[in-house]
Amino acid sequence: MIEVSGLTKVFRGEKKSTFTALDHLSFTVEEGDIFGFLGPNGAGKTTTIQILATILPPTSGRIKMDGIPLERSPLAIKKRIGIMPENPGFYPHLTARENLVYHAQFYGIGQVKAARKADELLSFVGLEDAAERRPGVFSFGMRKRLALATALINDPKILLLDEPTVGLDPRGMHLIHEIVKNLQKQGITTFYSSHILPEVEVLCNRVAIINNGKLIVVDTIENLKETLGALGVRGVSIHCPPIDEKITDGLTQFGKIERTDRGIDIAFKEGSTRQNISSINKVLVENDIEVFAMVPKEPSLEEIFLKLTSKEATEPKTDADKEKVPTKDK
Ligand SMILES: Nc1ncnc2c1ncn2[C@@H]1O[C@H](COP(=O)(O)OP(=O)(O)OP(=O)(O)O)[C@@H](O)[C@H]1O
Ligand SMILES: [Mg+2]
């Protein structure tokens, strides 16, 4: 549904300086995928989405959306996609419904159909009661949902969502996830950018990780989880009543113990596995400790990037820096 091959974007700055924001990205998104596009700040997520949305021209590379080459028919592509930008904007003097109806005009949708569609979408994103209110008075989460409704006004086949859940509380996040899953059932392909690994894990079936404009990995969630599993667990946070020193002494075999206001934290030794957690649980149960929760400390996204990019992480960021670094060819 989305085919990207060798996508490169070089921004030109002052005094002929250049910055390579995207460096030969290649990946494929299948029809009906919820494709996670994961990367830290500045990785190139928004740049990629803007190129896919035909807002920004690529420097080089080939893109096909729904089988159509992007450079040849950007208009045909515009009709097939819906984009929810990082910072959605609305017409402040129009109500939520009027915003949607106005937006529909850009797709040549007539007033009557647009009004019907607007009501349908407002209810789909749970904003039916706010239809007559202006987005200026909306909460942050409501604005996000209105932006999603706006992205759906032209019945797109492909949805491009740029960090749609950033800044939302767990409930708001869950709502967006449910909407996206619902859209998947209707056959819509979603390109979902995020820097939150756990949300991508629960929502997406395939994922690409990018860092510094380079593709680190593109894989199924199952395979990625296996990779993450191999990285081990950093430790565990145990929520329990205060524990006697005799018992914590027995736990030092697993790692460094630190008392917290919730119980204890254990920082595991290098290369520890999840098996540690059940062994610790066993010790606690045998000592009649009432455990409320055991929260594993997974490797952070940054650690995963470092692991997956140990070579790439040390590479220069700007093209000017690259010139300073001697390479084998020079
Ligand atoms: N118009 C521009 N001119 C120069 N550099 C740019 C421009 N737009 C983006 N960049 C640079 O390209 C890189 C990628 O930016 P981009 O906004 O795509 O990252 P991102 O992954 O969306 O980050 P975030 O998580 O912060 O939203 C950044 O280093 C950014 O400074
Ligand atoms: Mg961004």
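Residues numbered from 1 in each chain as written. Chains lettered and ligands numbered in written order. Predicted model: local features only at pLDDT ≥ 70, side-chain atom pairs only at ≥ 80, totals over all residues. Heavy atoms only, no water.

**Structural notes on the pairing of strand 4 (residues 60–65)**
- One ladder, built from five bridges, connects strand 1 (residues 2–12) with strand 4; its direction is antiparallel. Across the sheet, V4 pairs through a bridge with I63, a residue of strand 4.
- Bridge count for strand 4 against strand 5 (residues 68–69) is two bridges, and the pairing is antiparallel. Looking across to strand 5, one finds that K64 is bridged to P69. (Pairing = 2+ DSSP bridges. Helix = DSSP H or I, 4+ residues; strand = E, 2+ residues; numbered from the N terminus.)

**Regarding the coordination of the magnesium ion (ligand 2)**
- Ligation of the magnesium ion (ligand 2) by protein atoms is provided by T46 (OG1) and E86 (OE), these donors lying 2.0 to 2.3 Å from the ion. Of the two residues, T46 sits in helix 1 (residues 45–52) while E86 sits in the loop between strand 6 (81–84) and helix 3 (96–105), which places them 40 residues apart along the sequence.
- Looking at T46, the relative accessible area reads 22%, which means it is partly exposed.
- Overall, E86 belongs to the partly exposed group, its relative accessible area being 34%. (Donors = N, O, S within 2.8 Å, 3.2 Å for Na, K, Ca; no water. Buried < 20%, exposed > 50% of the residue type's maximum accessible area, 1.4 Å probe, protein only.)

**Quick word on the site of ligand 1**
- Ligand 1 sits among 13 residues. The nearest are G42, K45, T46, T47 and E86.
- A distance of 2.7 Å is found between an oxygen atom of ligand 1 and a backbone nitrogen or oxygen belonging to G42.
- One of the side-chain N or O atoms of E86 is found 2.4 Å from an oxygen atom in ligand 1.
- When isolated, ligand 1 has an accessible area of 640 Å², and the protein chains bury 62% of it.
- Those elements giving two or more residues to the shell around ligand 1 turn out to be strand 2 (18–29) and helix 1.
- Its residues assigned to classes, the shell around ligand 1 comprises five nonpolar, five polar and three charged. (Near = heavy atom within 4 Å. Polar contact = N/O pair within 3.5 Å; in protein donor to acceptor, adjacent residues only side chain to side chain. Areas by Shrake-Rupley, 256 points an atom, 1.4 Å probe, with all protein chains shown as cover. Nonpolar A, V, L, I, M, F, W, Y, C, P; charged D, E, K, R; others polar.)

**Brief notes about the packing of helix 3 against helix 5 (residues 140–151)**
- At a minimum axis separation of 10 Å, helix 3 and helix 5 run at an interaxial angle of 25 degrees. The angle between helix 3 and helix 5 falls in the class roughly parallel. Between helix 3 and helix 5 lies a crossing of right-handed hand. Between helix 3, through A96, L100 and H103, and helix 5, the contact on the second element is made entirely by L146, A149 and T150. (Axes fitted to C-alpha atoms, helices over the stretch in contact; angles between N-to-C directions. Parallel < 35°, antiparallel > 145°, perpendicular 65-115°, else oblique. Left-handed = near helix turned anticlockwise from the far one by under 90°. Contact = heavy atoms within 4.5 Å.)

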